[in-house]
Amino acid sequence: MGGLAITNLTLSHFRSHRATKLAFDGRPVAIVGPNGAGKTNILEAVSLLSPGRGMRRAASDELGRRPEALGWKITAEIDGIGGAHQLEAWAEANETRQTRIDGKAATQTALGRVLRVLWLVPAMDRLWIEAAEGRRRFLDRMTLSFTPDHGEVVLAYEKAMRDRNRLLKDQVQDPHWYGALEARMDDAGRQITANRQAALDRISVAQTNAQTQFPRADLSILAPEGAPEDLAQALAENRRRDMAAGRTLIGPHRVDLAAVYSAKGVPAGQCSTGEQKALLISLILANARAIEVELGHAPVLLLDEVAAHLDVDRRAALYHEICALGAQALMTGTEAALFDSLGNRGQTIEIFEEGGLSQLRT
């Protein structure tokens, strides 16, 4: 089967795009133009057609075109799971983001049931050497790509934890106040842990069976405070220490994602910059292959400035794997030459900036 695909995309007052309409034919797309032209904004718009805050994690009021501040809207026609769909995401000025699927109000979770989107952006290049929070987010994005309900489970866990942390900061001693919250954290925590491990298992299989020029990364989940089988009991036993810290010190919100360059046995954080980038690309491709096996459709890939950091052979290998997968990949670059090895297997869109607005060159 073919991959999931955006067929038409309309941006209204979104970032640098006052009114932009794009038509795609399902092939990989090279979006070419100078820095500041609005290339990445197109990718960000597509990322908002999936659950979560998008690839820049921006608040709704940061997405509208300024100085108008009229709100913004994204409309897309897609070849999605179960057939063709129309997706809409928008926010009025100073309002929260809203979603519709086929003209009906929908949750962000529902977006994941009709479209799967993966992305790789330059900000992720330091993933293996920065704080664990970014790696947990990366882990949860992978997990969400397989289990659309995962985000709701994480939110349920975090809400119960915030309520528990409030009790801890207020030095509440009565155990009855904690019991129900810790039980909810235990229930959601078990689901989070199971979902995450299932995602890593799928990624591992996809890497093992792959014909690829990108290095395999062996992934594992690390729990610095241990991973208790009964989280509720462990939380109860840890209350005194948590109260002293003013926050919850154990649980799935504390785990880290570890990666090892398999062929060398070297932790990703100790690899060269080029090797770290290659490992990230490998994981995104493995994630896409695993989704294709599960759904029969490859996800949409958003690859921001990826080609600029690869040599000619690696670029050719990346495009070959994307095309072999049958995936629609939206890729940005400052020069058309970066996509020479893609040839007529892809579609090219040129974009430039004029008067603070993004414009398409036809």
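Predicted model, so just to flag it, every value in this text is computed and none were measured.

> How do you make sense of the overall build of the protein chain when you look at a structure like this?
Broken down by element type, the protein chain carries 9 helices and 15 strands. C-alpha extents for the protein chain along the principal axes are approximately 70 × 50 × 35 Å. Going through the 362 residues of the protein chain one by one, you find that 52% of them count as buried. Taking as baseline every contact in the protein chain between residues at least 6 positions apart, the subset at least 24 positions apart corresponds to 71%. Surface accessibility of the protein chain: about 16500 Å² in total, with carbon and sulfur atoms responsible for 49%. Taken together, the 43 basic and 45 acidic charged side chains of the protein chain have centroids lying 2 Å from each other.

> Before we go on, may I ask you to explain the UniProt feature "domain: AAA+ ATPase" (unreviewed entry) in the protein chain in this structure?
Taken from the UniProt record, the annotation "domain: AAA+ ATPase" (unreviewed entry) applies to residues 25-356. The straight-line gap between the two end C-alpha atoms of residues 25-356 is 28 Å; of that span, 40% is helix and 20% is strand.

> Even after reading the chapter, I still don't get the sheet that holds strand β12 (residues 300-303), so can you show me in this structure?
The pairing of strands in a sheet comes from backbone hydrogen bonds and takes either a parallel or an antiparallel form. The strand order across the open sheet built from 6 strands is β8-β12-β13-β3-β14-β15, with neighbouring strands paired in mixed fashion. Only two strands of the sheet have a single neighbouring strand rather than two, namely β8 (117-120) and β15 (357-361). Each neighbouring strand pair of the sheet contributes to a mean axis angle of 25 degrees, computed without reference to strand direction. As paired elements, strand β3 (residues 29-32) and strand β14 (residues 347-354) share 4 bridges and run parallel to each other. Residue V32 lies in a different strand from β14, and its bridge partner there is E350.

> Would you mind showing me how to read unusual backbone geometry here?
Note: most peptide bonds trans; most residues except glycine with negative phi. Residue P67 is bonded to the preceding R66 through a cis peptide linkage, with omega at 15 degrees. Considering the arrangement of structural elements, one finds P67 in the loop between α1 (39-47) and β4 (71-80). Phi is positive for R15, close to 50 degrees, though the residue is something other than glycine. Residue position: R15 is located in the loop between β1 (5-14) and β2 (17-23). A relative accessible area of 22% places R15 in the partly exposed class.

> Could you clarify how one ought to interpret the side chain of N41 in this entry?
Considering the arrangement of structural elements, one finds N41 in helix α1. Other than its neighbours up to four places away in sequence, N41 contacts F14, R15, S16, H17 and R56.

> Looking at this model, I keep getting lost on the nonpolar core. Mind explaining?
Within soluble globular proteins, side chains that are nonpolar tend to cluster in buried spots. With 90 residues, the main nonpolar core has L9, L115, L219, L303 and L318 as its most contacted residues. The element best represented in this core is helix α8 (residues 273-295), accounting for 11 residues. Grouped together as the second largest cluster of nonpolar side chains are 12 residues, V153, A188, L231 and I250 included.

> Mind showing me how you'd approach the side chain of N238 here?
Mapped onto the elements of the fold, N238 is located in the loop between α6 (231-237) and α7 (239-245). Excluding anything up to four places from it in sequence, N238 contacts L249 and I250.

> Sorry if this is basic, but what is going on with the sheet that holds β2 here?
Strand order in the open sheet formed by 6 strands is β2-β1-β4-β5-β6-β7, with antiparallel pairing between adjacent strands. Where the open sheet ends on each side, the last strands, each with one partner, are β2 and β7 (104-105). Where β4 lies against strand β5 (residues 83-92), 10 bridges are found, and the strand directions are antiparallel. Each bridged residue has a counterpart across the sheet, and for D79 the counterpart in β5 is A84. Set on the sheet, α1 makes contact with β1, β2 and β4; between it and β1 the angle comes to about 110 degrees.

> Teacher, can you tell me more about the pairing of β5 here?
Each regular strand shows side chains that alternate between the opposite faces of the sheet. Adjacent in sequence and paired antiparallel, β4 and β5 are bridged by 2 residues, among which G82 carries a positive phi angle near 85 degrees. Taken together, the 4 bridges between β5 and strand β6 (residues 98-101) define a ladder with antiparallel strand orientation. Note on β6: the bridge partner recorded for E88 is R100. The turn linking β5 back onto β6 is made up of 5 residues, and N94 within it adopts a positive phi angle of 65 degrees.

> What should I look at first to understand helix α4 (residues 150-169) in this one?
Because an α-helix packs 3.6 residues into every turn, residues spaced three or four apart end up facing the same way. Relative to the 28 Å expected for 20 residues at 1.5 Å per residue, α4 spans 28 Å between its end C-alpha atoms, a close match to the ideal helical length. Those residues of α4 that fall on the buried side of the exposure criterion are H150, V153, V154, Y157, A160, M161, D163, R164, N165, L167 and L168. On the buried face of α4, the contacting elements are α3 (132-146), α5 (175-208), α6 and α7. Immediately downstream of α4, the backbone of Q171 shows phi near 60 degrees, a positive value.

> How do you make sense of α1 when you look at a structure like this?
Counting buried positions along α1 yields 9 of 9 residues, so the element is predominantly enclosed. Taken residue by residue, α1 has K39, T40, N41, I42, L43, E44, A45, V46 and S47 as its buried positions.

> For this particular structure, what's the right way to read the packing of aromatic side chains?
Ring pairs (aromatic) are described by centroid distance and by the angle formed between their planes. For the coordinates displayed, the defined rule picks out 3 aromatic pairs. Between F14 and W72, the aromatic rings sit 5.7 Å apart at their centres with planes inclined by 70 degrees, giving edge-to-face as the arrangement. In this pair, F14 is assigned in strand β1 and W72 in strand β4, connecting sequence segments 58 residues apart. The pair F14 / W72 is uniform in exposure class, with both members buried. Centre to centre, the rings of W128 and F138 are 6.3 Å apart; their planes meet at 80 degrees, and the pair counts as edge-to-face. With W128 in the loop between β8 and α3 and F138 in helix α3, this residue pair connects regions lying 10 residues apart in the sequence.

The rules behind these values
- In every chain, residue numbers begin from 1 and rise along the written sequence.
- Given that this is a predicted model, residues contribute local features only at a pLDDT of at least 70 and side-chain atom pairs are listed and counted only at 80 or more, while totals for whole chains, interfaces and linings are drawn from all residues.
- Computation of side-chain values covers all heavy atoms of the structure but excludes hydrogens and water.
- Helical segments are the DSSP runs of H or I of at least four residues, strand segments are the runs of E of at least two, and each set is numbered from the N terminus.
- Type-normalised accessible area, obtained with a 1.4 Å probe on protein chains alone, sets the label of each residue: buried when under 20%, exposed when over 50%, and partly exposed for intermediate values.
- In what follows, a contact means two residues having at least one pair of non-hydrogen atoms within 4.5 Å.
- Computed with a 1.4 Å probe, the accessible areas rest on the Shrake-Rupley method; for each residue, only the protein chains presented here act as cover.
- Only four residue types enter the tally: Lys and Arg on the positive side, Asp and Glu on the negative side; His and the chain ends are excluded.
- Throughout, a charge is located at the NZ atom of Lys, the CZ atom of Arg, the CG atom of Asp or the CD atom of Glu.
- UniProt positions are given in the numbering used here, feature names are shortened, and annotations may be inferred rather than shown by experiment.
- Between any two strands, pairing holds if DSSP finds at least two bridges.
- Structural elements are reduced to axes, namely lines fitted to C-alpha atoms, with helices fitted over the stretch in contact, and the angle between N-to-C directions of any two is expressed from 0 to 180 degrees.
- Here the nonpolar core consists of buried residues drawn from Ala, Val, Leu, Ile, Met, Phe, Trp, Tyr and Cys, with membership extended through side-chain atoms lying within 4.5 Å.
- Working rule for helices: expected span equals 1.5 Å times residues minus one.
- Only Phe, Tyr and Trp rings are paired, with Trp represented by its six-membered ring, and only when their centres lie within 6.5 Å; those with planes under 30 degrees apart are stacked, over 60 edge-to-face, the remainder tilted.

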